[in-house]
Amino acid sequence: MWLGWTRFDRDVEEISMTLNANIPPGPLADKWDRRRAELKSVKASDRDQYRILVVGTGLAGASAAATLAEQGFSVDVFCYHDSARRAHSIAAQGGINAAKNYPKDGDSVERLFTDTIKGGDFRAREANVYRLAQVSNAIIDQCVAQGVPFAREYDGYLANRSFGGVKVRRTFYARGQTGQQLLLGAY
Ligand SMILES: Cc1cc2nc3c(=O)[nH]c(=O)nc-3n(C[C@H](O)[C@H](O)[C@H](O)COP(=O)(O)OP(=O)(O)OC[C@H]3O[C@@H](n4cnc5c(N)ncnc54)[C@H](O)[C@@H]3O)c2cc1C
C-alpha cells in the first residue's frame, strides 16, 4: 500500500481497526473452560462434513491441523514457504514449558502462569497465558503421542531442565532442536 502525503489521512482511516481478542468473561481460571463448555460439540460421525482451513504451518497451525485431522475433521493447511516445515518455529531451540512438576520442585499452573507473564514483560494477555499454563501438560502428552523424541532420564521419564531464568525445572526439550522436532511430529 502506498502512503503518500495526499492519501495519508484516508489510508490511515482505512487501516485503523479495533484489536479485540474476544477473551471470554468470568474469573481468570474459568474463562476458557466456560467457553469450551458453552460450545456445541460435533458428533464424531459428522466431523468429516466440516472443512477447516488452517493458514500457517508453524507450531500453532501445524499442531492445530494435525489434531483436528486426527479427530476426523477435513483439514486443508496453507503456508507460503517452500516446505511446510520451514516455518519460523524451526528456530525454537530451548524447549517447551509445562507444569508437570516431574522434578518435584513445587511447580504448578499458577507458577507457570506467573513466570510466563513476567517473562513477557507483563504485555501478554493474562487470560490466554493462563489457558496456556492450564493445558501445558496436555500439550506435552500430545507431542509425545505425535512422536516427538523429547530427552529422557535413564529411568525412562521425560527429562526437564531449567530454562529462561526460572527457578524450577519445567522445560521439555529435544537437544537443541526442540522446535524442529515438534514441527516434524506435527508434520
Ligand atoms: C530463535 C528463536 C528461538 C526460540 N526459542 C523458543 C524456545 O526455546 N521455546 C519456546 O517455547 N519458544 C521459543 N521461541 C518462540 C517460538 O518459536 C514461537 O513463538 C513459535 O514458534 C511461533 O509459532 P507460530 O506457529 O505462531 O508461528 P511461525 O512458526 O512463524 O509460523 C507462521 C506460519 O504462518 C505462515 N504464514 C505467514 N503468513 C502467511 C500468509 N500470508 N499466507 C500463508 N501462510 C502464512 C508461515 O509460512 C508459517 O508457516 C523462539 C523463537 C525464536 C525466533
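Draft legend 1. Local environment of the site of the ligand. In the vicinity of the ligand lie 18 residues, with Thr-57, His-81, Ser-89, Gly-94 and Gly-95 positioned nearest. Thr-57 is positioned with one of its backbone polar atoms (N or O) 2.9 Å from an oxygen atom of the ligand. Take His-88: an N or O atom from its main chain is 3.5 Å from an oxygen atom of the ligand. Protein contact buries 53% of the 1000 Å² of open area that the ligand shows by itself.

Draft legend 2. Inspection of helix H4 (residues 109–119) at higher detail. When we look at burial in H4, the residues that qualify are Leu-112, Phe-113 and Ile-117. Viewed along the axis of H4, the buried residues span an arc of 130°, placing them on a single side of the element. For H4, the secondary structure elements touched by its buried residues are strand E3 (96–97) and helix H5 (126–145). Directly beyond the C-terminal end of H4, a positive phi value near 55° is found at Asp-121.

Draft legend 3. View of a nonpolar patch on the surface. A contiguous nonpolar surface patch, about 340 Å² in accessible area, is contributed by Leu-53, Val-55 and Phe-78. One can find Leu-53 in strand E1 (residues 51–55).

Draft legend 4. Expanded view of the pattern of salt bridges. Overall, the coordinates contain 8 salt bridges when judged by the stated rule. Notably, a salt bridge pairs Arg-51 with Asp-76, separated by 2.6 Å at the nearest N-O pair. You can see Arg-51 sitting in strand E1 and its partner Asp-76 sitting in strand E2 (residues 74–78), a full 25 residues away along the chain. Owing to a relative accessible area of 63%, Arg-51 belongs among the exposed residues under this scheme. When salt bridges with common partners are traced through the structure, they connect Asp-107, Asp-115 and Arg-170 into a single cluster.

Draft legend 5. Molecular detail of the layout of surface pockets. The computed volume of the largest pocket comes to approximately 910 Å³. Along its surface, the largest pocket is lined by 17 residues, and Arg-36, Thr-67, Leu-68, Gln-71 and Arg-131 are the ones closest to its centre. The set of elements that each furnish at least two residues to the lining of the largest pocket consists of helix H2 (31–38), helix H3 (59–70) and H5. Among the elements that take part in the lining of the largest pocket, H3 stands out by supplying 5 residues, more than any other. Of the residues assigned to the lining of the largest pocket, the class counts are 9 nonpolar, 4 polar and 4 charged. Counted as a void, the second largest pocket has a volume near 340 Å³. What lines the second largest pocket is a set of 15 residues, among which Ile-96, Asn-97, Leu-112, Thr-116 and Leu-132 lie closest to the centre.

Reading the values: the criteria
Every chain is numbered on its own, with residues counted from 1 as its sequence reads. Restriction of local features to residues with pLDDT of at least 70 applies here, the model being predicted, together with a cutoff of 80 or more for giving and counting side-chain atom pairs; totals for whole chains, interfaces and linings are based on all residues. Heavy atoms from the whole structure form the basis of all side-chain values; hydrogens and water molecules are not counted. Near is defined per residue: the residue qualifies when any heavy atom it owns lies within 4 Å of the molecule or strand. Polar contact is the term for a pair of N or O atoms within 3.5 Å; when the atoms are in protein, one must be able to donate a hydrogen and the other to accept it, and sequence-neighboring residues count only if both atoms are side-chain atoms. Exposure was quantified through the Shrake-Rupley algorithm and a 1.4 Å probe, taking into account, for residues, occlusion by the shown protein chains and nothing else. Partly exposed residues are those whose accessible area sits between 20% and 50% of the maximum for their type, while under 20% is buried and over 50% is exposed, using a 1.4 Å probe and protein chains only. Numbering goes from the N terminus for both helices and strands, where a helix is a DSSP run of H or I of at least four residues and a strand is a run of E of at least two. Here the arc refers to the directions that run from the helix axis out to each C-beta atom. Any two residues having at least one pair of non-hydrogen atoms within 4.5 Å are treated as being in contact. Each patch is built from salt-bridge-free residues with over 30% relative accessible area, joining like charges within 9 Å and nonpolar side chains (Val, Leu, Ile, Met, Phe, Trp, Tyr) within 5 Å. The term salt bridge refers to a pairing of a side-chain nitrogen on Lys or Arg with a carboxyl oxygen on Asp or Glu at a separation within 4 Å. With a 1 Å grid spanning the protein atoms alone, the term cavity applies to any set of points in which a 1.4 Å probe fits but cannot get out, the term pocket to an open set with protein on both sides within 12 Å along at least five of seven lines, and the term lining residue to any residue with an atom within 4 Å of a point. Grid points are joined across faces, edges and corners, and a volume is the space filled by probe spheres set on the points. Following the grouping adopted for this structure description, the nonpolar residues are Ala, Val, Leu, Ile, Met, Phe, Trp, Tyr, Cys and Pro, the charged ones are Asp, Glu, Lys and Arg, and the polar ones are all others, Gly among them.

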